[in-house]
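# Summary of structural features
Below are the chains, spelled out letter by letter.
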Amino acid sequence: MSAPTFRHDGKSRRFLAEMDGIEVAFSEVDAIGPGSLLIKHTEVLPAHEGRGYGSALVRYVLDQARAQGKTVMPVCPFARKYIRDHDEYIDLVRPDYRAAMRG
């Protein structure tokens, strides 16, 4: 099986994970000013659950934020848990939001 591909769809304000051109997961992300991304919601389509697509997509979003020098506010529970489980991304969380990461 091939690996998913990722892309940002600015029109829908979503990052997408696709397999062979078919959407398998999405993450809704809004800009907060020029320097931050609000990760609002991540969802894996039901037929594709349990294959790691959600984690791969969140990792992609976080890597894009890092590459662009942006911070994130992960209000999405899945993204928040991913960052808690992968502390190499905690530095991307906006300092004023880090306290929310504990709970």
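Everything in this summary refers to the structure shown in the same document. (Residues numbered from 1 in each chain as written. Predicted model: local features only at pLDDT ≥ 70, side-chain atom pairs only at ≥ 80, totals over all residues. Heavy atoms only, no water.)

## Things to note about the packing of helix α1 (residues 53-67) against helix α2 (residues 77-85)
The condition is simple: Every angle, taken between N-to-C directions, lies between 0 and 180 degrees, and every axis is a line fitted to C-alpha atoms, over only the stretch in contact when it is a helix. Strands are runs of DSSP state E lasting at least two residues, helices are runs of H or I lasting at least four, and both sets are numbered from the N terminus onward. Orientation labels follow simple angle bins: below 35 degrees gives roughly parallel, above 145 gives roughly antiparallel, 65 to 115 gives roughly perpendicular, and whatever is left gives oblique. Contact criterion: two residues are considered in contact whenever any of their non-hydrogen atoms come within 4.5 Å of each other. Side-chain classes are defined by residue name, with Ala, Val, Leu, Ile, Met, Phe, Trp, Tyr, Cys and Pro counting as nonpolar, Asp, Glu, Lys and Arg as charged, and the others, Gly among them, as polar.
One can describe the packing of α1 onto α2 by two numbers: an axis separation of 10 Å at closest approach and a directional angle of 75°. Classed by the angle they form, the pair α1 and α2 counts as roughly perpendicular. Contacts between α1 and α2 involve Gly 54, Ser 55, Val 58, Arg 59 and Leu 62 on the former and, on the latter, Phe 78, Ala 79, Tyr 82 and Ile 83. Tallied by class, residues from the contact of α1 with α2 come to six nonpolar, two polar and one charged.

## Section: the side chain of Ser 27
Put simply, the rule is: Classification of residues uses two cut-offs on accessible area relative to the type maximum, computed with a 1.4 Å probe and protein chains only: under 20% is buried, over 50% is exposed, and between them is partly exposed. For the purposes of these results, a polar contact is taken to be a pair of N or O atoms within 3.5 Å, where, inside protein, one atom must be able to donate a hydrogen and its partner to accept one; residues adjacent in sequence count only when each atom of the pair is a side-chain atom.
Note that Ser 27 resides in strand β3 (residues 22-32). Taking relative accessible area as the criterion, Ser 27 reaches 1% and is therefore assigned buried. In terms of polar contacts, Ser 27 uses its side chain to reach the backbone carbonyl oxygen of His 41, at 3.5 Å. Only 2.9 Å separates the side chain of Ser 27 from the side chain of Thr 42, close enough to count as a polar contact. Other than its neighbours up to four places away in sequence, Ser 27 contacts Arg 13, Arg 14, Phe 15, Ile 39, His 41, Thr 42, Leu 57 and Val 61.

## A word on the packing of aromatic side chains
Cut-off, in case you're wondering: In this scheme Phe, Tyr and Trp rings, the latter by its six-membered ring, pair at centre separations within 6.5 Å, and the angle between planes marks the pair as stacked below 30 degrees, edge-to-face above 60, and tilted otherwise. When the NZ atom of lysine or the CZ atom of arginine is within 6 Å of a ring's centre and also within 35 degrees of its normal, the charge is said to sit over that ring.
For the structure on display, the rule yields three aromatic pairs. Ring centres of Phe 15 and Tyr 60 lie 6.1 Å apart, and the angle between their planes is 70°; this geometry places the pair in the edge-to-face category. Taken together, the residues Phe 15 in strand β2 (residues 14-19) and Tyr 60 in helix α1 connect sequence positions 45 residues apart. Geometrically, the ring pair formed by Tyr 82 and Tyr 89 is tilted, given 6.1 Å between the ring centres and 45° between the ring planes. For the cation-ring pair, Arg 14 lies above Phe 26, with the distance from its terminal atom to the ring centre recorded as 3.7 Å.

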